[in-house]
Amino acid sequence: MSTNTGMVEKYRNNFLKEVEANVEEGEWVKMCMQCGVCAGSCPLGSHWAHPPQEIFMMIRAGKRDEVLTSDSMWMCTSCYNCIVRCPRELPITHIMHGLANYAKRLGLTPKSQPTAWFSQVFWDNMMKKGRVNELKLGLSLYFKDGLVSGIKESIKHQKLGMNMMKAKRMSIAELFGGHGVKDISDLQKIIKKAEEIENARIESYGK
Amino acid sequence: MSDIVATNQTILVVGGGISGMTAAIEAAEVGKQVIVIEKRPFIGGRVSQLYKYFPKLCFPTCGLEINQRRINANKNITVVTMAEVTGLVGEAGNYTASVKISPRYVNSNCTACGACGDAVESEFDNEFNYNMDKRKGAYLPYNLAQPQRYVIDPQMIGTDDAQKAKDACKFNAVDLDMQEETIELKAGAVIYATGWRPYDANKIQPYGYDRIKNVITSVEFERMMDPFGPTGGKLVRPSDGAEAKKVAFIQCAGSRDRNYLKHCSRICCMASLKQSTYVSEKYGDDAEVSIYYIDIRAIDRFDDFYQKVQDDKNVTFIKSKVASIVENKANGNPTLHGVDTEGYNRYANEHDLVVLAVGMEPSVDKDTFPIEIKVNDEGFIEHDEANGGVFAAGCSSDALDVNRAVQHATAAALRAIQVVNRVAKAEG
Ligand SMILES: Cc1cc2nc3c(=O)[nH]c(=O)nc-3n(C[C@H](O)[C@H](O)[C@H](O)COP(=O)(O)OP(=O)(O)OC[C@H]3O[C@@H](n4cnc5c(N)ncnc54)[C@H](O)[C@@H]3O)c2cc1C
Ligand code: SF4
Ligand code: SF4
Ligand code: SF4
Ligand code: SF4
């Protein structure tokens, strides 16, 4: 049985409960009074498939597939406009990221979603040495859509790269190894512990 | 003023709005001695600044006049205007209040002939009209103000204009030497009927009340309808005086919001429904009203009124808390931005005029009561044993409409009567 169908059965089709148990700050979703101020204040405006207000209603209406496979929560830029305005102080930004994270855990992220893709690259990059390797990260971003467009992108951002090198924010030496934390195994232990805590929290929901 | 007689069997009413008047009348008509302390130069409170009452759409002046007559006819009631309670000590059955009385500079000889007002030139913000216009430095707060006695603005004292006012008066009513005085009054029970004030709309920054001329508050809108009000009874835009036909109401402006007032102010849904009829009254079928709301709270018998407004084809209801207002610089129209909950459609709607249905907060800041008193998170007075012989009446206790405020005031009067009755028994 996949985690996915497992979750559906576990929460007996009550998607709100599932969200409360598995999504960061998910227990806030039920507090939304559907006033619409978050949706109206979000700078992404009409670029959303579903603004936060609508996502919260969809969760309560049990639209599990539509929500988890949606592109919407990946669009959030963490500007915090919505949180500042929400009359009920819902931690909307965190919920959006929590939903994205959960969808990813279940493998439901839409294919070729650029933010999701970038997040993964960022994570993998950072986990190698415990520090982000800007040069490699930048290059992988530019070459994401193939060699030709990659070269074009790189040329476009040449000046930025040169400036960063001048300011010692980036080094060409990064291509060969690059800087890192003293002991990467310690970092890995920290991450492992964090995962354990998170899993225990999910496990203990409703008990 | 020092000739006021007060004993431990006196009931002191602080605030002479509709609630304070009601409490005073109820207690006085069963024979109790009552003193009403009112901060403004007239009694009647905020209902005197309303055009019509929901749900019957009658004029508040009518009810105020009836109550005024009952007060005038009852020698048990003493009304002190331009006065505030600055100190209160003691316990149930035995309070001493310090009352500060500001000088009016006009004595009881005044016939409200208006000659002093005509004679002076200085003008000041007119607080009765929420500063939408100016009034003279010698003035009657409004036509039907009770007492019918002029006031001289303290800012005018010491100027030539003050002397002009004195010279103009044929009845020797202007007394420029009047001084502030503080008197002490005994009381057995105290009723706080200090009412409410509109929430400061400037705090709701995304609505641009301080930046956009054609965004006004619901209390200002009421004043516009008054034939003697700041616009002479015309519904026009502050920016250019053009007719305001396409009017938007924004509900919960400052209420039900943890950034502003947490509570539902309870009257503002009905106030906007009522005010939608004002637009129709002025412009008939040319009226185009939009009400932006989270949910309409027209409780119990008010539902009929709500249904009637819903049936009006000139009124549209939009379920959405407006996110922001931006001014169209070309024509001064406020443009409302948001997303509606029924369909999640993004809108950008232009209106001639926007009315913010502002919330109600208590008029007395919670830490400025002269005696320790239990208030809730919003600053409204709680009913609590610990308050001893101090009782709240009307909007000092909660956001209430007039009907409920008056019922509440009657209950407060009964509680106060019980206290002074106990004193009477003890004193034999
Ligand atoms: C836009 C709007 C429209 C409304 N329309 C309606 C309607 O159509 N029908 C309806 O039923 N209700 C309506 N209301 C509600 C109505 O205004 C209140 O119910 C009513 O004013 C309550 O009266 P009150 O005496 O409790 O308070 P207030 O009217 O506020 O009176 C309090 C009095 O106490 C005085 N005071 C304050 N502090 C002190 C102090 N420290 N010392 C001495 N005196 C003091 C004040 O000067 C005032 O005279 C409306 C409210 C709003 C905002
Ligand atoms: S602003 Fe808050 S209460 Fe309003 S719709 Fe958004 S999340 Fe819900
Ligand atoms: S934090 Fe995200 S959801 Fe909230 S307003 Fe900004 S972009 Fe929109
Ligand atoms: S103070 Fe004198 S002049 Fe002024 S209104 Fe009264 S009576 Fe008339
Ligand atoms: S009465 Fe209506 S407008 Fe006023 S706070 Fe309550 S819901 Fe909002």
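All of these numbers come straight from a predicted model, not from anything done at the bench. (Residues numbered from 1 in each chain as written. Chains lettered and ligands numbered in written order. Predicted model: local features only at pLDDT ≥ 70, side-chain atom pairs only at ≥ 80, totals over all residues. Heavy atoms only, no water.)

## Describing the overall build of chain A
Now for step 1: Counting its regular elements, chain A contains 13 helices and zero strands.
Now for step 2: Reading chain A from its N terminus to its C terminus gives the helix and strand order α-α-α-α-α-α-α-α-α-α-α-α-α.
Now for step 3: Its C-alpha atoms put chain A at 55 × 40 × 30 Å along the principal axes.
Now for step 4: The 207 residues of chain A split such that 38% are buried.
Now for step 5: Counted over contacts in chain A with a minimum sequence separation of 6, partners at least 24 positions apart contribute 66%.
Now for step 6: For chain A, the exposed area adds up to about 12100 Å²; of that, 59% sits on carbon and sulfur atoms.
Now for step 7: Positive and negative side-chain charges of chain A, numbering 29 and 22 respectively, have mean locations separated by a distance of 5 Å. (Helix = DSSP H or I, 4+ residues; strand = E, 2+ residues; numbered from the N terminus. Buried < 20%, exposed > 50% of the residue type's maximum accessible area, 1.4 Å probe, protein only. Contact = heavy atoms within 4.5 Å. Areas by Shrake-Rupley, 256 points an atom, 1.4 Å probe, with all protein chains shown as cover. Lys, Arg positive; Asp, Glu negative; His and termini not counted. Charge placed at Lys NZ, Arg CZ, Asp CG, Glu CD.)

## Overview of the overall build of chain B
Now for step 1: Along the backbone of chain B there are eight helices and 22 strands.
Now for step 2: Projected onto the principal axes, the alpha-carbon positions of chain B cover approximately 70 × 55 × 35 Å.
Now for step 3: Here chain B holds 428 residues, and 55% of them are scored as buried.
Now for step 4: Within chain B, contacts between residues at least 6 apart in sequence are counted, and of these 68% link residues at least 24 apart.
Now for step 5: One way to put it: in chain B the 48 positive side-chain charges average out to a point 2 Å from where the 57 negative ones average out.

## Remarks on the interface of chain B and chain A
Now for step 1: Each partner contributes residues to the interface: chain B has 16 residues there, and chain A has 19 residues.
Now for step 2: Interface area lost by chain B to chain A is led by B:R258, B:Y344 and B:R346, which between them contribute 38%.
Now for step 3: For the interface between chain B and chain A, the tally reads one salt bridge.
Now for step 4: Residues A:E89 and B:R258 are paired through a salt bridge, measuring 3.1 Å at the closest nitrogen-oxygen approach.
Now for step 5: At the boundary of chain B with chain A, the tally comes to eleven residue pairs in polar contact (both at pLDDT 80 or more).
Now for step 6: When its residues are assigned to classes, the side of chain B that touches chain A shows seven nonpolar, four polar and five charged. (Buried area = accessible area lost by both parts, 1.4 Å probe. Salt bridge = Lys/Arg side-chain N within 4 Å of Asp/Glu carboxyl O. Polar contact = N/O pair within 3.5 Å; in protein donor to acceptor, adjacent residues only side chain to side chain. Nonpolar A, V, L, I, M, F, W, Y, C, P; charged D, E, K, R; others polar.)

## Here's the deal with the site of ligand 2
Now for step 1: In the vicinity of ligand 2 lie 13 residues, with A:C32, A:C35, A:G36, A:C38 and A:C86 positioned nearest.
Now for step 2: Sorting the residues of the shell around ligand 2 by element identifies α3 (37-41) and α4 (52-60) of chain A as the ones contributing at least two each. (Near = heavy atom within 4 Å.)

## Things to note about the domain arrangement of chain B
All names here are of chain B.
Now for step 1: Domains assigned within chain B are domain 1 (11-102 + 180-195 + 363-427), domain 2 (115-168) and domain 3 (199-359).
Now for step 2: A C-alpha centroid distance of 32 Å is found between domain 2 and domain 3.
Now for step 3: Facing six residues of domain 2, the contacting portion of domain 3 comprises seven residues.
Now for step 4: A buried area of about 630 Å², summed over both sides, lies between domain 2 and domain 3, and 69% of it is on carbon and sulfur atoms.
Now for step 5: Looking only at domain 2, the three residues that lose the most surface to domain 3 are N129, Y130 and M132, adding up to 69% of its buried area.
Now for step 6: There are zero salt bridges connecting domain 2 and domain 3.
Now for step 7: Our enumeration of links across domain 2 and domain 3 arrives at two residue pairs in polar contact (both at pLDDT 80 or more). (Domains from an automatic or database assignment.)

## Describing the site of ligand 1
All names here are of chain B.
Now for step 1: Lining the immediate surroundings of ligand 1 are 36 residues, of which S19, E38, F54, K274 and L400 lie closest.
Now for step 2: Taking E38, its side chain carries an N or O atom lying 2.6 Å from an oxygen atom of ligand 1.
Now for step 3: R46 places a polar main-chain atom, nitrogen or oxygen, 2.8 Å from an oxygen atom of ligand 1.
Now for step 4: Summarising the interface, the protein chains cover 96% of the accessible area of ligand 1, which totals 1000 Å² for the free molecule.
Now for step 5: Among the secondary structure elements, those contributing two or more residues to the shell around ligand 1 are α1 (18-29), β4 (83-91), α5 (218-225) and α6 (268-283).
Now for step 6: If one sorts the elements of the shell around ligand 1 by residue count, α5 sits on top with three residues.

## Side note on the nonpolar core
Residues and elements named next belong to chain B.
Now for step 1: I11, V13, V34, I77, I152 and I191 are the most contacted members of the largest nonpolar core, which totals 50 residues.
Now for step 2: Elements that contribute at least two residues to this core include exactly β1 (10-14), α1, β2 (33-37), α2 (60-73), α4 (160-168), β11 (189-192) and α8 (402-427).
Now for step 3: Both domains that furnish three or more residues to this core are identified here as domain 1 (11-102 + 180-195 + 363-427) and domain 2 (115-168).
Now for step 4: In terms of nonpolar packing, the next biggest core, distinct from the first, is built from 41 residues, Y283, I291, Y306 and F317 among them. (Core = buried A, V, L, I, M, F, W, Y, C linked by side-chain atoms within 4.5 Å.)

## Examining the sheet that holds strand β15 (residues 288-293) of chain B
Residues and elements named next belong to chain B.
Now for step 1: Pairing in this open sheet of five strands is parallel, and the strands run β13-β20-β14-β15-β16 from one edge to the other. The outermost strands of the open sheet, each flanked by one partner alone, are β13 (215-217) and β16 (315-319). Taking the axes of each pair of neighbouring strands and ignoring which way they run, one obtains an average angle of 25° across the sheet.
Now for step 2: As defined by bridge partners, β15 adjoins β16 across five bridges and the pair is classed as parallel. Bridge pairing in β16 links Y292 to I318.
Now for step 3: Of the strands in this sheet, β13, β14 (246-253) and β20 (353-358) are in contact with α5, which crosses β13 at around 85°. (Pairing = 2+ DSSP bridges. Axes fitted to C-alpha atoms, helices over the stretch in contact; angles between N-to-C directions.)

## Examining the packing of α6(B) against helix α7 (residues 303-311) of chain B
Residue and element names in this part refer to chain B.
Now for step 1: It is at 10 Å that the axes of α6 and α7 come closest, and there the two elements cross at 45°. Considering their axes alone, α6 and α7 lie oblique with respect to each other. Crossing of α6 against α7: the hand is left-handed. Where α6 abuts α7, its residues M270, L273, K274, S276 and T277 lie against F305, Y306 and V309.
Now for step 2: In terms of residue class, the contact of α6 with α7 is built from five nonpolar, two polar and one charged. (Parallel < 35°, antiparallel > 145°, perpendicular 65-115°, else oblique. Left-handed = near helix turned anticlockwise from the far one by under 90°.)

## Description of the packing of aromatic side chains
Residue and element names in this part refer to chain B.
Now for step 1: Under the definition given, this model contains 14 aromatic pairs over all chains.
Now for step 2: Judged by centre distance (5.3 Å) and plane angle (75°), the ring pair of Y192 and F369 falls under edge-to-face. With Y192 in strand β11 and F369 in the loop between β21 (360-362) and β22 (390-392), this residue pair connects regions lying 177 residues apart in the sequence.
Now for step 3: With a relative accessible area of 12%, F369 lands in the buried category.
Now for step 4: Site record: aromatic cluster; members linked through ring pairs are Y51, F59, F221, F249 and Y278.
Now for step 5: Across the ring face of W196, the terminal group of R46 is positioned such that the distance to the ring centre comes to 5.1 Å. (Phe/Tyr/Trp six-rings, centres within 6.5 Å; stacked < 30°, edge-to-face > 60°. Lys NZ or Arg CZ within 6 Å of the ring centre and 35° of its normal.)

## Notes on a nonpolar patch on the surface
All names here are of chain A.
Now for step 1: Taken together, the side chains of L139, F143, L147, V148, I151, I155, I172, L175 and F176 present a nonpolar region at the surface, about 890 Å² in accessible area.
Now for step 2: Looking at the nonpolar patch, the element that brings in the most residues is helix α11 (residues 147-156), giving four residues.
Now for step 3: Here L147 falls in the exposed class, since its relative accessible area comes to 61%. (Patch = residues over 30% accessible without salt bridge, like charges linked within 9 Å, V, L, I, M, F, W, Y side chains within 5 Å.)

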